Amino acid sequence: MSEIKIPLRDMRFAMRELLNWDQHYASLGYEDASPDVVDAILEEGAKFCENVLAPLNQIGDQQGCTWNDGEVTTPEGFKEAYQQFVEAGWPSLAHSVDHGGQGLPPSLGTILSEMVGTANWSWGMYPGLSHGAMNTLEAHGTDEQKHTYLTKLVEGSWTGTMCLTEPHCGTDLGILRTKAEPNDDGSYAISGTKIFISAGEHDMAENIVHIVLARLPDAPAGTKGISLFIVPKFLPNSDGSVGERNGVTCGSLEHKMGIHGNATAVLNFDGAKGFLIGPPNKGLNCMFTFMNTARLGTALQGVAHAEAGFQKSLAYAKDRLQMRSLSGPKNPNGPADPIIVHPDVRRMLLTQKAFAEGGRMLVMLCAQQVDRTQVGSEEERKEADDLLAFLTPIAKAFLTETGYESANLGMQCFGGHGYIAEWGMEQNVRDARISTIYEGTTGVQALDLLGRKVLMSQGELLRKFTKVVHKFCKAEVDNEALAPYVAKLQEINQQWGELTMNIGVKAMENPDEVGAASVDYLMYSGYAVQAYLWALAAKVANEQLAAGTAEEDFYRAKLATARFYFDRILPRTATHASAMQSGADNLMSLDAEHFVF
Ligand SMILES: Cc1cc2nc3c(=O)[nH]c(=O)nc-3n(C[C@H](O)[C@H](O)[C@H](O)COP(=O)(O)OP(=O)(O)OC[C@H]3O[C@@H](n4cnc5c(N)ncnc54)[C@H](O)[C@@H]3O)c2cc1C
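Conventions and cut-offs
- Residues numbered from 1 in each chain as written.
- Predicted model: local features only at pLDDT ≥ 70, side-chain atom pairs only at ≥ 80, totals over all residues.
- Heavy atoms only, no water.
- Helix = DSSP H or I, 4+ residues; strand = E, 2+ residues; numbered from the N terminus.
- Contact = heavy atoms within 4.5 Å.
- Areas by Shrake-Rupley, 256 points an atom, 1.4 Å probe, with all protein chains shown as cover.
- Lys, Arg positive; Asp, Glu negative; His and termini not counted.
- Charge placed at Lys NZ, Arg CZ, Asp CG, Glu CD.
- Near = heavy atom within 4 Å.
- Polar contact = N/O pair within 3.5 Å; in protein donor to acceptor, adjacent residues only side chain to side chain.
- Nonpolar A, V, L, I, M, F, W, Y, C, P; charged D, E, K, R; others polar.
- Core = buried A, V, L, I, M, F, W, Y, C linked by side-chain atoms within 4.5 Å.
- Buried < 20%, exposed > 50% of the residue type's maximum accessible area, 1.4 Å probe, protein only.
- UniProt positions renumbered as here; feature names shortened; annotations may be inferred.
- Axes fitted to C-alpha atoms, helices over the stretch in contact; angles between N-to-C directions.
- Parallel < 35°, antiparallel > 145°, perpendicular 65-115°, else oblique.

Draft legend 1. Examining the overall build of the protein more closely. If you tally the helices and strands in the protein, you get 20 helices and 11 strands. By its C-alpha atoms, the protein is 80 × 60 × 60 Å across when sized along the principal axes. For the protein, long-range pairs separated by at least 24 residues make up 73% of all intrachain contacts whose partners lie at least 6 apart in sequence. Only carbon and sulfur atoms are counted for the fraction: they give 52% of the accessible area of the protein, which is about 25300 Å². Looking at the protein, you have 49 positive and 73 negative side-chain charges, and the mean spots of the two groups are 5 Å apart.

Pasting the structure below:
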């Protein structure tokens, strides 16, 4: 199995050359995030991920987690790797100094998460879920809760979980049943069953902080009656040490398609002691802090699997000899040519490269907005928040769909060998598959984008983004080298607005038009956002080549990928546009009982 390399060169391209993060950090006052510090983090993080985490990826898949009477053992080496991760201070990188963090920008945490996830997604989910718990406590916890729980999570000695799903409710959290009864001491007794809880039980940290949605007695029905609680596995003593075992136990682990190294737990809460976070009945609002962190985290999963599949299939395609090139032998002294000579293999490689690098640019654009939501004037923060709100469902759903497509193409490049476990390509496909489901399915993200973000803002959030694109096109209109990109981008940008208007009008007559158009709308939006980012990338590459860069290969590959994206991937928007305009009737006219087979 070939080794994973953390794509530091491409990360630097997106961070520095495309999005100008050095200046971005300086302008937000992150003095500690100097270029030298950022470089050191990239180098050290990459070393840890390549040398410690990547070798555990296949072991994690083969061994999985084991359950024994409520206790869960993670695969060989997972616990030791986590200890090293904590000792090196990685969990605290991008968290507030007030709670023991290093106070570096959140976007640097995103970079670290991409490195970790590319090396070993299942392992990365243990610290990954903790970030969501930390952000939730930071935003909504009391000082005492921050002191007791946040500091331990930042330190990494405790990990966190997100407990939403119950057997009868996943997407529809309004019908959740877990109960929270007030105790005399101000705490609550939490009772109910949560399923599918990632990192819900394990042996890697001394305590687990469950962030749990539950209902208070007499709470209103639906989402307006949900509250949020901290439920620790072990109740903390007053000195912060781990105390008595709380009434939450792991009933079993799910047997699943992929991410075997991550424990997906059924958790039984049996009068467990819980502590309210935020106001009563406002739990879902508070949980959105967690869910938004998790959505961007899951967007990264798409990038991680695309990158991993691309790297391995590229190495294989240069090595594997099969058939001759149609245009004459390229390896005349060998028995056959390497498969990279075949146009169809190149299609598969370039698709993966375009989605991995394009996805990285989008996640970094989102991460940059997260930084901007935390510093600056109210107006500046609102601007960043709006852009982030618009881009998050696109990043989550589009990048996981294209990440899964890429993982499949990576496997396809290996032919039958891709289907055999040894190479790790089928693991990459299996691990990638969950990403379009959890943290809100693609369908649910699409409704969020079209219904909540675009139509409910009367198109305002979309316009904020299309204005950015328009400004870029206007500025580059006379740039000959960019002409093919700019013309196409302008066309897409305009069509995006027209399609939105069209659906908005139809939706006034029939609300099902929104649901019927939504996934095509989301995918169209994803391709449009990527087109903007690839045009930006082409601009940077052209400038570097014109200036006589010493890294000609790197920038030529960027330009070739941008061209491939515009010529061969972006035309997919035409199919999505046509499908979304075809209306709801072709989906809704058949009565449920007439789905005859
Ligand atoms: C490995 C794994 C790890 C997970 N980790 C966690 C975790 O850590 N914490 C946690 O709380 N949960 C977790 N989940 C649960 C996950 O988030 C849910 O499975 C997911 O949200 C979907 O819910 P569901 O499975 O109940 O499907 P359902 O909600 O029953 O949905 C079934 C189908 O119906 C569609 N659908 C539902 N409603 C609508 C609608 N209004 N419009 C259009 N389509 C709709 C969905 O898109 C889906 O295709 C995990 C799940 C798995 C498998």
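Draft legend 2. Quick look at the site of the ligand. For the ligand, the set of nearby residues contains 18 residues, the closest of which are Met162, Thr165, Thr171, Phe196 and Thr441. For the ligand, an oxygen atom lies 3.4 Å from a polar atom in the backbone of glycine 170. Elements that contribute at least two residues to the shell around the ligand include exactly strand S3 (158-163) and strand S5 (188-198). Ranked by the residues each element gives to the shell around the ligand, the list is headed by S5, at 3 residues. Here the residues of the shell around the ligand are counted per class, giving 10 nonpolar, 6 polar and 2 charged.

Draft legend 3. Inspection of the nonpolar core at higher detail. In this structure, Met115, Trp123, Phe390 and Phe465 are the most contacted members of the largest nonpolar core, which totals 135 residues. Per element, the largest residue contribution to this core is 20 residues, and it comes from helix H17 (residues 512-546).

Draft legend 4. View of the UniProt feature "domain: Acyl-CoA oxidase/dehydrogenase middle" (unreviewed entry) in the protein. As recorded in UniProt, the feature "domain: Acyl-CoA oxidase/dehydrogenase middle" (unreviewed entry) lies at residues 162-270. For residues 162-270, the end-to-end C-alpha separation is 18 Å, with 0% helix and 47% strand making up the annotated structure.

Draft legend 5. Looking closely at the packing of helix H11 (residues 378-413) against H17. H17 packs onto H11 with a crossing angle of 95° between their chain directions and a minimal axis gap of 9 Å. What the angle tells us is that H11 and H17 run roughly perpendicular. Residue-level inspection shows Leu391, Pro393, Ile394, Ala397, Phe398 and Glu401 of H11 in contact with H17, the latter providing Leu522, Met523, Ser525, Gly526, Tyr527, Val529 and Gln530. Of the residues contributing to the contact of H11 with H17, the split by class is 9 nonpolar, 3 polar and 1 charged.

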